[in-house]
Amino acid sequence: MDRRPHRSWLVLPILAILLALFGVSDVLIGITADPGITVAITGLTPDELRAASPEGYRLADFMVRTQGVTLAAFGLLLTVVLLWPYRGGQRWAWKAAFI
């Protein structure tokens, strides 16, 4: 019989923390955090977009930062739910973590 404590429950909170960190990086860095996304959406690099349309660049940067706030908040809330109620075995937290 294995008497070591099981730490597999830590995988989900670690992933939630990483999700929050990705959101924080989007908020701090903005559109230049991942130029590939800008190229996929607009067909232009961030520098090309800035040169072609400064207003469009500001709008895209605002969108990325706003979505970063949403991602960071979701990651933080998920981390809190996973660290206390989920680990405590509360049924609603188990369901909420997998929705």
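Use the structure listed above.
### Let's talk about the overall build of the protein chain
Each helix and strand in the protein chain was counted, giving 5 helices and 0 strands. If you list the helices and strands of the protein chain from N to C, you get α-α-α-α-α. Whereas a compact globule of 99 residues would reach a radius of gyration of roughly 13 Å, the protein chain reaches 19 Å, over 25% beyond that. The buried share of the protein chain, reckoned over its 99 residues, is 21%. Expressed as a percentage of contacts within the protein chain between residues at least 6 apart in sequence, the contacts between residues at least 24 apart total 60%. When the accessible surface of the protein chain is summed, it comes to about 7,300 Å², and 69% of that surface belongs to carbon and sulfur atoms. Treating the 9 positive side-chain charges of the protein chain as one cloud and the 7 negative ones as another, the clouds have centres 22 Å apart.

### Notes on the side chain of D61
Among the secondary structure elements, D61 is positioned in helix 4 (residues 54-86). Reaching out from D61, the side chain makes a polar contact with the backbone nitrogen of I31 at a distance of 2.8 Å. A polar contact is formed between the side chain of D61 and the side chain of R65, at a distance of 2.9 Å. If near-sequence neighbours (up to four positions away) are discounted, D61 is found in contact with G30 and I31.

### Topic: the layout of surface pockets
Considering only enclosed or pocket space, the largest pocket measures out at about 290 Å³ in volume. In terms of residue count, helix 4 provides more of the lining of the largest pocket than any other element does, 6 residues in total. Residue classes in the lining of the largest pocket are distributed as 9 nonpolar, 5 polar and 2 charged.

### What about a nonpolar patch on the surface?
Nonpolar side chains collect at one region of the surface, where V11, I14, L15, I17, L18, L21 and F22 lie side by side and expose about 670 Å² of accessible area between them. As for its position among the elements, I14 is in helix 1 (residues 11-29).

### Some thoughts on the packing of aromatic side chains
By the definition in use, this model includes 1 aromatic pair. Looking at R50, its charged tip hangs above the ring of Y57, at a distance of 4.4 Å from the centre.

### Focus on the packing of helix 1 against helix 4
Interhelical geometry of helix 1 versus helix 4 gives an angle of 160 degrees and a closest axis separation of 7 Å. Comparing their axes, helix 4 and helix 1 come out roughly antiparallel. Relative to helix 4, helix 1 is oriented so that their crossing is left-handed. Residues that form the contact of helix 1 with helix 4 fall into these classes: 21 nonpolar, 4 polar and 2 charged.

Cut-offs used in this document
Every chain is numbered on its own, with residues counted from 1 as its sequence reads. Per-residue local features are limited, in this predicted model, to residues with pLDDT of at least 70; the limit for side-chain atom pairs, both in listing and counting, is 80 or more; totals at the level of whole chains, interfaces and linings are taken over all residues. No hydrogens and no water enter the side-chain calculation; it runs on all heavy atoms of the structure. Only runs of H or I of at least four residues qualify as helices and only runs of E of at least two qualify as strands under DSSP, and these elements are numbered from the N terminus. Values of the radius of gyration come from C-alpha atoms, whereas the globule rule sets the reference at 2.2 Å times the count of residues to the power 0.38. Here the term buried applies to any residue with accessible area under 20% of the maximum for its type, exposed to any over 50%, and partly exposed to those in between, with areas from a 1.4 Å probe on protein chains only. We call two residues in contact whenever any of their non-hydrogen atoms come within 4.5 Å of each other. Only the protein chains shown count as cover for residues, with accessible areas throughout obtained via the Shrake-Rupley method and a probe of 1.4 Å. We treat Lys and Arg as the positive residues and Asp and Glu as the negative residues; His and chain ends play no part in the count. Every charge is mapped to an atom, namely NZ of Lys, CZ of Arg, CG of Asp or CD of Glu. Definition of a polar contact: a pair of N or O atoms within 3.5 Å, with one able to donate and the other able to accept a hydrogen when the atoms are protein atoms, and with sequence-neighbouring residues admitted only if both atoms are side-chain atoms. Definitions used for this entry: grid spacing 1 Å over protein atoms alone; cavity, a set of points where a 1.4 Å probe fits but cannot get out; pocket, an open set with protein on both sides within 12 Å along at least 5 of 7 lines; lining residue, one with an atom within 4 Å of a point. Grid points are joined across faces, edges and corners, and a volume is the space filled by probe spheres set on the points. Three residue categories are used. Nonpolar comprises Ala, Val, Leu, Ile, Met, Phe, Trp, Tyr, Cys and Pro, charged comprises Asp, Glu, Lys and Arg, and polar comprises the others, including Gly. Residues enter patches when their relative accessible area tops 30% and they take part in no salt bridge; the joining distance is 9 Å for like charges and 5 Å for the nonpolar side chains Val, Leu, Ile, Met, Phe, Trp and Tyr. One speaks of a salt bridge when a side-chain nitrogen belonging to Lys or Arg is within 4 Å of a carboxyl oxygen belonging to Asp or Glu. Under the pairing criterion, centres of Phe, Tyr and Trp rings, with the six-membered ring standing for Trp, must be within 6.5 Å; the plane angle then separates stacked pairs below 30 degrees from edge-to-face pairs above 60, leaving the rest tilted. Throughout this description, the term charge over a ring refers to an Arg CZ or Lys NZ atom that lies within 6 Å of the ring centre and within 35 degrees of the ring normal. Where helices are involved, their axes are fitted lines through C-alpha atoms of the stretch in contact, as for all axes, and angles between N-to-C directions lie from 0 to 180°. For classification purposes, an angle smaller than 35 degrees is called roughly parallel, one larger than 145 roughly antiparallel, one from 65 to 115 roughly perpendicular, and anything else oblique. Left-handed describes a crossing whose near helix is turned anticlockwise from the far helix through less than a right angle; right-handed describes the clockwise counterpart.

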